[in-house]
There are 4 protein chains.
Amino acid sequence: MKYLTAGESHGKGLTAILEGFPAGVRIDCAAVDAELKRRQLGYGRGGRMKIESDSAEITAGLFGSVTLGSPIAFFIRNRDFEKWQAYTHPVSGDITQKKLTAVRPGHADYAGCRKYGFDNARPVLERASARETAARVGVGAFCKQLLSALGITVGSHVTEIGGQKSTARPLSAVGLNDRSDLSPVRCLDAEAEKKMIAVIDECMRSGDTAGGAVEILVSGLPAGVGSYAHYDRKLDGILARHLLSVQAFKAVEFGLGTAVAHTLGSHVHDEMAPSECGVVRNTNRAGGIEGGMSNGENLVISVAVKPIPTLMQGLKTVDIATGQATVAHPERSDYCAVPAAGVVAEAVVAYAVADALLCVTGGDDFDTIAARVQEMRQRAKVCAK
Amino acid sequence: MKYLTAGESHGKGLTAILEGFPAGVRIDCAAVDAELKRRQLGYGRGGRMKIESDSAEITAGLFGSVTLGSPIAFFIRNRDFEKWQAYTHPVSGDITQKKLTAVRPGHADYAGCRKYGFDNARPVLERASARETAARVGVGAFCKQLLSALGITVGSHVTEIGGQKSTARPLSAVGLNDRSDLSPVRCLDAEAEKKMIAVIDECMRSGDTAGGAVEILVSGLPAGVGSYAHYDRKLDGILARHLLSVQAFKAVEFGLGTAVAHTLGSHVHDEMAPSECGVVRNTNRAGGIEGGMSNGENLVISVAVKPIPTLMQGLKTVDIATGQATVAHPERSDYCAVPAAGVVAEAVVAYAVADALLCVTGGDDFDTIAARVQEMRQRAKVCAK
Amino acid sequence: MKYLTAGESHGKGLTAILEGFPAGVRIDCAAVDAELKRRQLGYGRGGRMKIESDSAEITAGLFGSVTLGSPIAFFIRNRDFEKWQAYTHPVSGDITQKKLTAVRPGHADYAGCRKYGFDNARPVLERASARETAARVGVGAFCKQLLSALGITVGSHVTEIGGQKSTARPLSAVGLNDRSDLSPVRCLDAEAEKKMIAVIDECMRSGDTAGGAVEILVSGLPAGVGSYAHYDRKLDGILARHLLSVQAFKAVEFGLGTAVAHTLGSHVHDEMAPSECGVVRNTNRAGGIEGGMSNGENLVISVAVKPIPTLMQGLKTVDIATGQATVAHPERSDYCAVPAAGVVAEAVVAYAVADALLCVTGGDDFDTIAARVQEMRQRAKVCAK
Amino acid sequence: MKYLTAGESHGKGLTAILEGFPAGVRIDCAAVDAELKRRQLGYGRGGRMKIESDSAEITAGLFGSVTLGSPIAFFIRNRDFEKWQAYTHPVSGDITQKKLTAVRPGHADYAGCRKYGFDNARPVLERASARETAARVGVGAFCKQLLSALGITVGSHVTEIGGQKSTARPLSAVGLNDRSDLSPVRCLDAEAEKKMIAVIDECMRSGDTAGGAVEILVSGLPAGVGSYAHYDRKLDGILARHLLSVQAFKAVEFGLGTAVAHTLGSHVHDEMAPSECGVVRNTNRAGGIEGGMSNGENLVISVAVKPIPTLMQGLKTVDIATGQATVAHPERSDYCAVPAAGVVAEAVVAYAVADALLCVTGGDDFDTIAARVQEMRQRAKVCAK
């Protein structure tokens, strides 16, 4: 598969095309919108989330909610385009009337202006904005439904916000989102949830922002997806590439992750024992990946999400038009986007996993693919958990 | 650029082809071998490193040590192929005489056998072995020389082994390896170095292994490499993909990395101030990447390296031939490969950075590319540090 | 660059995303629609062309008609979707109510049903239809404007329809379309034009269809685009890939093309002579490509276009539902689409040439790219013609 | 799959890596060399072919002649490297002592020097030389053996040399090479063979060269390989890309090819009739591809091969060092390479077909892939021919 997204933050809307998706997958179109909605939720969001209420208009690739094997396209309208169109209309807008020259630290503004020779960071931030992730959540929503139909579940929960850590470490992605979505910070640990909310409240008071961490789980993936044979087919490398292409993600960890640096080998690797239906393991410190391949255990991945760089208290910077010191203008923004980051992370993981799986199964239509996934499971004889 | 590597651990040798490398780069061929040698060093290596003493025979892409613009090929002979050829000869070997069925936890063995339907893990481990990284170090050595000629330096040092942490945080990649290579564990902090060596000594005694962490720096990269425009051109995603495709790497962090989860926005983003030649920053918590692009500061990347999964003390596992419980056979191996991991990390970073830079500069020959890098630097007017 | 298109023939419309297009290119948006219109013209079209009157709604990648460097998206509405939506609505349509089981020879119907296991060719033909080329013409329209701003022109004319050959062989793409578009069959030879029209008239009478050939020229391309170094960077291979991915194209020829099989070497290669500003050649039998690279002469490419496979007289086939012999249903269709094929060919050539050129120039914004194209021209010192 | 080749014409040798080839394919290594030998045969070759006698040393990807699923590497030594190494040794050669500045028309010399800013065409011609095709023939030899094991055969024969045309149009690739390889010009038509040889003899006398045409057939490929869904997955586009990346190929035709321009639709499309085991067709004017997919019939492809541009009689050109008129130096060369071109064409077709087939089947090991090809055949129920 491959996909492209397009769209500016205050332009007409976001467009996505997903090519190579199999035929014969029945899509719950409302569930696609529900994923878009999940991205807009979470404690600590600013005003825009209420404006948006995203919805994907599917324009290609399905008839009657069933995929055709043809490229899938959808469009997510930007609801505040009308207010912005004097500047951002593709044909007639005049963005020079809406200059931003006090480049904002932590954003793409400065490097983007240098890259393109722009004297106005507006075109940069319009595309670099995390608004774009709505399109990726849409793409991921299709992939999740494909995976789900194949018995593979993707879920996430927030493990840390502003230094407040959750102790919960769920054992499966199945049902995970049902529980994490109940929390305004998508946290499974009630104690930690309270403290996370308190941190965000404090940010609202002080004009600061809070980052955090999210754990993503994938359950039901058969062993042997990815490859050890060549670097660009390794599943961990593929997942890392997708995850670290998400705005604000600064680290990715598989299984024990950074903890492997202070744990000796005897406590890092997952021993195996026989079972009636294959092998069992009591630990999953590898996070479900050995040798660049899924090993039949849950994928367990963690990402670190930086605090939103638009601070109401302002950050010192330079005006690239004058070369003078100034303070970055605090546009309307969120105080904490970590809960939403989990939804985005699920989406890119779903795409990456589906794509890597299809490399192994081949097949153009759902029934063929489903039968081949079944073969993979038979071959591995891994016990259901 | 693109590259492929081939070769089994005990086969004839490793082959690499690097395509798209510019013409007119004068290569110090001895320096390529020196990089291969660096990969073989480090306290805690087992016997094989002495056997190998790798050397790259360049077979294509250069005349008289100057690149032609044509694909570069080189071959690294495996010095113990002769002992193994009854099993591993490409044409006449019989690998069924050298079965490994007690699949080793932490290795590719189990998932690899499931993927291919093998009843012998030998073909898996022969390719999945970290021996393959020698070819990548060779590829990276060419890229480093290109970058160096363009004023861009890549270096690394070990920041942690078995829980012992270095306090050193060098401010530039320039001269970094000159210092870190002096240490048997590639650590800049003399106190930590002693403790790291002690941990490794203890592993040798107990039959355990130690992991760690490595920091990689890139200095001199102009702003604007990578892109915010589309997910697959983001520099952090690209780097992560290459780094997490390296055997044993379980986490990657940019700048503050996982620490962004417990640091508020006011202490995460790097404020800017005017300077006579552009902008200056007093901090580099972003690790040199904002909005998926280099921002003119040093790239600062950290990777976590898991302990080698071959333990002399053995790990419990299953014999896939019999389905019975057994203990993984401890083949000759290393106790700690973290110092070498840094050399591999430098190599894949060098490739990724060179490739991303060439996307911006275009150009087929060195002089053209050098002039364009100069233009990029002029545009950014970033002060030299 | 890369691009994706989506959309079914009777679905909501066509979507395209073009990623990697440089910033700072001023787009004449009306000219994009004009290209779409050119695709709909030509003697021998059926009724649908009147229905369509295509127009691209640009939804991303531009503000005020200037490209941002961000992905460009546009949508071309299908004007007869309303009539078809009971069958083709992405969410609610029921395509099983609109079965086509008498698979049509020459179309994708049969192989598509086998590929996907469909018992209805409708989903196949909806995407396989040449309607999709409207999206590619849109993509090409952006590329043509980029090329034009760089002094590079793409044009085409029809050289044969139903065996009637044009004797015209224009020497430049500059101004070419101004002349060829005046002809209802896009033919520069008035005598041949008459005969071509007569062939089409005869087809209308007999219920047959006519194919033909189109010559595409590219003028102003500097030498050195493409590469001899690796097979996948050869300009002729790249162009062939794009051209033979167009519906109905069955052959592609560069320069003398198939005539090289009956011409000796002394009359195939283009001798060179000195000129005050470089080299000159009196012939261009190579079609502007030597060694997989542009050589500074015009690109001259010819494609053969098969007759439309929907014949009013019907073709014998099999009903895949019953396995019985039947006759393919002659849906409303065109009698000759060769003039339009030239417009599509121009579009894919424009994309391929622009993409290959950007590989050499690099650069993110128009001014940088324009300066580098100028450098390429200086280097080659090829006389203007 | 993907592959890279490296190597200069008079350098140490040619290296190739083929990545993604399935595990479990038993390779006849002597048959790989036999393909290399086939490339060196044919009436009209110059002296070098006797020097070479190519042989592929396989260095990776197999144990005991069975593929591992790991990248395959091989090396083909250049037997006259020793004579050339003062100029072409990768480390120590001095190519400036072997200048070629009288750039040769029809070769990459001129455009290559412009591209790289070289003042010596030697580095260009060393890589642009058709010597590189030996590596591709090696790659294709592996793919042919995979296809053969799956019941798919690739063969070719020469249809024209210097205007002398063969009337033979074989109905299957099975056994084809057994017959065509018996002819010194690989022609199935004894009358035409004589005339072709006479043309070549005349070229030898006059110092001229002869081009021609080759037809390639692929038999046994199931329907549904390739795709109509997106342009870059269309089988004809993929094949064209590979074929037109071969040195000297100037045209490619599928089925009727250019003849579609003078044949009406009623005589272009292949009608279908029921048969006990699916559908049958009496014609194959489409060349086995409809809608960008294989349709279960033989692939029938024709390429036009230009005469070798190195003429003993010399061609007028410019010395790029002096800007003066001169005559291109006639280095030792062949008079006709059309028979060998067929072997190269088979190789790139075999790679392209195998790669496209694996996209549909998926699968990592031969048994899995073979079972899935069988499923495809069952689905199509196409009668064996």
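Reading the values: rules and limits
- Residues numbered from 1 in each chain as written.
- Chains lettered and ligands numbered in written order.
- Predicted model: local features only at pLDDT ≥ 70, side-chain atom pairs only at ≥ 80, totals over all residues.
- Heavy atoms only, no water.
- Pairing = 2+ DSSP bridges.
- Helix = DSSP H or I, 4+ residues; strand = E, 2+ residues; numbered from the N terminus.
- Axes fitted to C-alpha atoms, helices over the stretch in contact; angles between N-to-C directions.
- Buried < 20%, exposed > 50% of the residue type's maximum accessible area, 1.4 Å probe, protein only.
- Least-squares fit on C-alpha atoms with pLDDT ≥ 70 in both.
- Contact = heavy atoms within 4.5 Å.
- pLDDT = per-residue confidence, 0-100.

**Remarks on the sheet that holds strand β1 (residues 2-6) of chain B**
Across a sheet, paired strands are connected by hydrogen bonds in the backbone, their directions being either parallel or antiparallel.
All names here are of chain B.
Inference 1: In spatial order, the strands read β1-β2-β7-β4; together these 4 strands make up an open sheet with antiparallel pairing. Sheet topology places β1 and β4 (56-60) at the edges, where each strand pairs with a single neighbour. Averaged over all pairs of adjacent strands, the angle between their axes in this sheet comes to 20°, without regard to strand direction.
Inference 2: Across 4 bridges, β4 lies against strand β7 (residues 72-77) in antiparallel orientation. In the strand pairing of β7, E57 is matched with F75.

**A few points about the pairing of strand β16 (residues 299-305) of chain B**
Residue and element names in this part refer to chain B.
Inference 1: Summarising burial for β16: 7 of the 7 residues are buried, a large majority.
Inference 2: Alternating positions in β16 separate into two faces, L299, I301, V303 and V305 on one and V300, S302 and A304 on the other, with burial throughout.
Inference 3: Bridge count for strand β10 (residues 212-219) against β16 is 7 bridges, and the pairing is antiparallel. Bridge assignment links V218 to a residue of β16, and that residue is L299.
Inference 4: Of the strand pairs in this sheet, strand β11 (residues 249-254) and β16 are connected by 5 bridges, and their pairing is antiparallel. Note on β16: the bridge partner recorded for V252 is V303.

**What to know about the relation of the copies chain A and chain B**
Inference 1: It takes a turn of 180° to lay chain A on chain B, together with a shift of 0.0 Å along the axis; the resulting RMSD is 0.0 Å. Viewed as a symmetry operation, the transformation between the two copies matches a two-fold axis. Considering only C-alpha atoms, the part of chain A nearest the rotation axis is R241(A), at 2.2 Å.
Inference 2: Most of the interface of chain A is mirrored in chain B, where 100% of its interface residues are also at the interface.

**Some remarks on the confidence of the model for chain A**
Inference 1: Here chain A averages 95 in pLDDT, and 96% of its residues register 70 or above.
Inference 2: Both confidence scores are given for the complex: pTM 0.97, ipTM 0.97.

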